[in-house]
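# Close look at the chain arrangement
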Amino acid sequence: MIVYFLGTGGSEGIPAHLCTCPTCEEARKFGFAQRKPSTLAIITKNNKAVLIDVGTDIRDLLHVPLEAILLTHWHHDHIYGLYKLRWTARKTKLYAPREHADQLIITDPKNIEVHFIRAGDELILDSLRVTALRLNHQIETLGYLIEEDDKAIALLYDTKNLSQKTLKMLKEKKLRLAIMDATYAPGVNDPYHNNVDESAQMGIKIAERVLLSHISHKNLPFLQLAEYVRQKYDGKVLVAYDGMIFYV
Ligand SMILES: [Zn+2]
Ligand SMILES: [Zn+2]
Ligand SMILES: [Zn+2]
């Protein structure tokens, strides 16, 4: 499978409108440091696409039929693009947790067919076996374990830490890749999101490679962050960016 990062930012995107912090100023200089809100696609070995969250308008980036859309949760930064995408010409299934479901999408879904799922549920989507995982966030939020043949990855945002049970289960899966919530800079303690070190250290316990995503403008500027994790984690931890693809 290929993991395609369409959006790797938090709610505000980087640069945030009119913000003059070092992270936003850097992103005005270097295009690669700009981030749209969280949006990710998995391209299966049969070239089918599954979309996870729709934080942004995907029409110019992924103009293919979708096997399904999975939502991690209904916070706005993960569903903005859905308001437009529901006009898709092809009927598309959307799987999501029930809590805080968006009223507009529910009452006027157009070509989106909403199905509610909960932690522990399994889905078969083309060649993928997807298991929903419980995360620790402000509202009901699902992470996803995604397996294809003998390869496994996990998408783990938005969350603060992971339960011991989830960590143990993921460890046994010998993940090739863990995609982690690294909203905040090292040292920041937030009840609903990890900082860079919390995320990297948890990721290393469960996966060969760790990709930090869901990065806020309150985090370090891109180049500084990339250097920080390179020095501290010996190449096992990478910083995701919009447009990045990762072969698994
Ligand atoms: Zn978020
Ligand atoms: Zn900023
Ligand atoms: Zn959230």
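Refer to the structure printed above.
Summary of the structure given here. The model shown is predicted, which means the values in this text are computed figures rather than measured ones.

A few words on the pairing of strand S5 (residues 92-96). On any regular strand, side chains alternate: one points to one face of the sheet, the next to the other face. Counting buried positions over the 5 residues of S5 gives 4, a clear majority of the element. Two elements, strand S4 (residues 66-70) and S5, share 2 bridges in a ladder whose sense is parallel. In the strand pairing of S5, leucine 70 is matched with tyrosine 95. The sheet contact formed by S5 and strand S6 (residues 112-116) spans 5 bridges and is parallel. Paired with leucine 94 across the bridge in S6 is valine 114.

So, about the sheet that holds strand S14 (residues 245-247). Reading across the sheet, the 7 strands line up as S6-S5-S4-S3-S2-S1-S14 and stay open at both edges, with mixed pairing between neighbours. What marks the edges here is a single partner per strand, and that holds for S6 and S14. The sheet shows a mean angle of 20° between the axes of neighbouring strands, direction not considered.

Another point: the coordination of the zinc ion (ligand 1). Around the zinc ion (ligand 1), the donor atoms from the protein are Asp77 (OD), His78 (NE2), Asp158 (OD) and His214 (NE2), and they sit 2.1 to 2.2 Å away. For the zinc ion (ligand 1), the 4 donor atoms are set out with angles of 92 to 165° between them, so the coordination reads as irregular. Every donor residue of the zinc ion (ligand 1) comes from the same chain, spaced as D-H-x79-D-x55-H. If you look at the zinc ion (ligand 1) and the zinc ion (ligand 3), they sit 3.4 Å from each other and are both ligated by aspartate 158. Separated by 80 residues along the polypeptide, histidine 78 in the loop between S4 and helix H2 (82-85) and aspartate 158 in the loop between strand S10 (151-156) and helix H4 (164-172) bring together distant segments of the chain.

What follows concerns a nonpolar patch on the surface. A surface patch of nonpolar side chains, about 270 Å² in accessible area, is lined by Phe30, Phe32 and Leu223. In this fold, leucine 223 is placed in helix H6 (residues 222-233).

Reference geometry at the metal: tetrahedral coordination by four donors gives ideal angles of 109.5 degrees; octahedral coordination by six donors gives 90 or 180 degrees. Here the zinc ion (ligand 2) is held by Cys19 (SG), Cys21 (SG), Cys24 (SG) and His217 (ND1), and the distances to it run 2.0 to 2.3 Å. Each of the 4 donor atoms bound to the zinc ion (ligand 2) contributes to angles spanning 104 to 115°, and the resulting shape is tetrahedral. Sequence positions of the residues that donate to the zinc ion (ligand 2) give the spacing C-x1-C-x2-C-x192-H. Comparing cysteine 19 with cysteine 24, the two get one shared label, buried.

Further remarks concern the pattern of salt bridges. Going through the model one piece at a time under the given rule, you end up with 13 salt bridges. The salt bridge involving aspartate 108 is made with lysine 110; its shortest N-O contact spans 2.8 Å. Taken together, the shared-partner salt bridges in this structure form one network comprising Asp57, Arg59 and Lys84.

Here is what the cut-offs are and how they apply
- Residues numbered from 1 in each chain as written.
- Chains lettered and ligands numbered in written order.
- Predicted model: local features only at pLDDT ≥ 70, side-chain atom pairs only at ≥ 80, totals over all residues.
- Heavy atoms only, no water.
- Buried < 20%, exposed > 50% of the residue type's maximum accessible area, 1.4 Å probe, protein only.
- Helix = DSSP H or I, 4+ residues; strand = E, 2+ residues; numbered from the N terminus.
- Pairing = 2+ DSSP bridges.
- Axes fitted to C-alpha atoms, helices over the stretch in contact; angles between N-to-C directions.
- Donors = N, O, S within 2.8 Å, 3.2 Å for Na, K, Ca; no water.
- Tetrahedral: all angles 85-135°; square planar, octahedral: opposite > 155°, others 65-115°.
- Patch = residues over 30% accessible without salt bridge, like charges linked within 9 Å, V, L, I, M, F, W, Y side chains within 5 Å.
- Areas by Shrake-Rupley, 256 points an atom, 1.4 Å probe, with all protein chains shown as cover.
- Salt bridge = Lys/Arg side-chain N within 4 Å of Asp/Glu carboxyl O.

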